[in-house]
Amino acid sequence: EDQVTQSPEALRLQEGESSSLNCSYTVSGLRGLFWYRQDPGKGPEFLFTLYSAGEEKEKERLKATLTKKESFLHITAPKPEDSATYLCAVHKGGGGNKLTFGTGTQLKVEL
Amino acid sequence: DAGVTQSPTHLIKTRGQHVTLRCSPISGHKSVSWYQQVLGQGPQFIFQYYEKEERGRGNFPDRFSARQFPNYSSELNVNALLLGDSALYLCASSWGSNTEAFFGQGTRLTVV
C-alpha cells in the first residue's frame, strides 16, 4: 500500500533560521511528488512537482529535492509569513489523478 | 484568473440529512477530484472525474457520490450524513487526467 510519511510533525523556527522538512514515501511507479502549502481553514496551495530522483526546484525561500525514497523541502532564512502546514503528496501511475498525502508538517516561524 | 471555486464555504447539517457540494474548475481544466480533510490529517481522495467519466474512487462508502457536468463543473453528494463526515471537503482541478492539481478553498461541513 502507498505510504507517505512527513517529519517532523511540527517545527518552530526563529526568523532567519534555515531548516528542512522531510517526506519519505513508499509507492510503486511514482509519477510525481507534490509539495503544497496550506494555511488554516484554506485549501492547499500548489508549490512544486518533482518527477525524478535528482530533480530540484526553487521558489523564493523554498527549495524542493527528490531522491528515490524521500523528498526534502528546504526553507532558507524563513519569515513569519512562511508559517503554514506543508503537505507532501505522491501520484502513482495506473491512470487517474489520485494524490496520496502525508499528514503534513506544521511550521511556525517566530520573530 | 479565477481559480477553483467551491460553494458553499460553510455548511451545518443534521445527522441523516443529505448534502450537495459544488465545484467549478479552472477554465480549461477538464479533470475534477474531490478530497476529504479531517482536522490534523492530510486530504483523503474520494473521487476523480475526467471528461465527465469517473476515473478513480477512494475508499469511501456508497453514501458518497459525484458527477461532472458538460461544463466540467462537479457536484459531490453525501447521503445519510454521520457525525464523522464533518470535515473540510476540497475540490481540485487539473488540465488532464494525470497532471498537477490545483485546489479550491474548500467547503467546511459540520454535521450535528
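Notes on the structure in this doc start here.

Procedures and definitions
- Residues numbered from 1 in each chain as written.
- Chains lettered and ligands numbered in written order.
- Predicted model: local features only at pLDDT ≥ 70, side-chain atom pairs only at ≥ 80, totals over all residues.
- Heavy atoms only, no water.
- Helix = DSSP H or I, 4+ residues; strand = E, 2+ residues; numbered from the N terminus.
- Rg over C-alpha atoms; globule rule 2.2 N^0.38 Å.
- Buried < 20%, exposed > 50% of the residue type's maximum accessible area, 1.4 Å probe, protein only.
- Contact = heavy atoms within 4.5 Å.
- Areas by Shrake-Rupley, 256 points an atom, 1.4 Å probe, with all protein chains shown as cover.
- Lys, Arg positive; Asp, Glu negative; His and termini not counted.
- Charge placed at Lys NZ, Arg CZ, Asp CG, Glu CD.
- Pairing = 2+ DSSP bridges.
- Phe/Tyr/Trp six-rings, centres within 6.5 Å; stacked < 30°, edge-to-face > 60°.
- Core = buried A, V, L, I, M, F, W, Y, C linked by side-chain atoms within 4.5 Å.
- Axes fitted to C-alpha atoms, helices over the stretch in contact; angles between N-to-C directions.

## As for the overall build of chain A
For chain A, the count of helices and strands is zero helices and eleven strands. Counting helices and strands in the order they occur from the N terminus, chain A gives β-β-β-β-β-β-β-β-β-β-β. Its C-alpha radius of gyration of 14 Å places chain A within 12% of the 13 Å reference for a compact globule of 111 residues. Along the first, second and third principal axes, the C-alpha set of chain A runs to 45 × 30 × 20 Å. In chain A, which comprises 111 residues, the share counted as buried stands at 47%. Residue pairs in contact within chain A that sit at least 24 positions apart in sequence constitute 54% of those at least 6 positions apart. Carbon together with sulfur atoms contributes 46% to the accessible area of chain A, which is approximately 5500 Å² in total. Of the charged side chains in chain A, 14 are positive and 15 negative; the average position of the first set lies 5 Å away from that of the second.

## Examining the pairing of strand E9 (residues 87–94) of chain B
Residues and elements named next belong to chain B. Most of E9 sits inside the fold, with eight of its eight residues counted as buried. As paired elements, strand E4 (residues 31–37) and E9 share seven bridges and run antiparallel to each other. Considered in E9, the bridge of Val 32 is made with Ser 93. As paired elements, E9 and strand E11 (residues 107–111) share three bridges and run antiparallel to each other. Within E11, the position partnered with Leu 88 by the bridge is Arg 108. As defined by bridge partners, E9 adjoins strand E10 (residues 102–103) across two bridges and the pair is classed as antiparallel. Residue pairing for E10: Ser 93 is matched across the bridge by Phe 102.

## Here we look at the packing of aromatic side chains
Within the structure shown, the criterion is met by twelve aromatic pairs over all chains. With a centroid separation of 6.0 Å and an interplanar angle of 70°, the aromatic rings of A:Phe101 and B:Phe103 are classed as edge-to-face. With one member in each of two chains, A:Phe101 in strand E10 (residues 99–101) and B:Phe103 in strand E10 form a pair that bridges those chains. Given a relative accessible area of 10%, B:Phe103 falls into the buried group. Of the aromatic side chains, those joined through ring pairs into one cluster are A:Phe34, A:Tyr36, A:Phe46, A:Phe101, B:Tyr35, B:Phe45, B:Phe102 and B:Phe103.

## With respect to the nonpolar core
Residues and elements named next belong to chain A. By size, the foremost hydrophobic cluster in this structure holds 23 residues, and its most contacted members are Leu 33, Trp 35, Leu 73 and Tyr 86. Going through the elements one at a time, strand E2 (10–14), strand E3 (19–26), strand E4 (30–38), strand E5 (45–50), strand E7 (62–66), strand E8 (70–75), strand E9 (84–92) and strand E11 (105–110) are the ones with two or more residues in this core. The greatest single-element share of this core, amounting to four residues, is contributed by E9. In this structure, Leu 73 is in contact with Ser 19, Ser 20, Leu 21, Trp 35, Phe 48, Leu 62, Lys 63, Ala 64 and Tyr 86, ignoring residues within four places of it in sequence.

## A few points about the sheet that holds strand E1 (residues 3–7) of chain A
All names here are of chain A. Taken together, five strands build an open sheet; the order of strands is E1-E3-E8-E7-E6 and the sheet is antiparallel. The open sheet terminates on both sides in strands that have one partner only, identified here as E1 and strand E6 (56–59). Across the sheet, the axes of successive neighbouring strands diverge by a mean angle of 15°, strand direction being ignored. Inspection of the sheet shows E6 paired to E7 by four bridges, in the antiparallel sense. Across the sheet, residue Glu 56 finds its bridge partner in E7, namely Thr 65.

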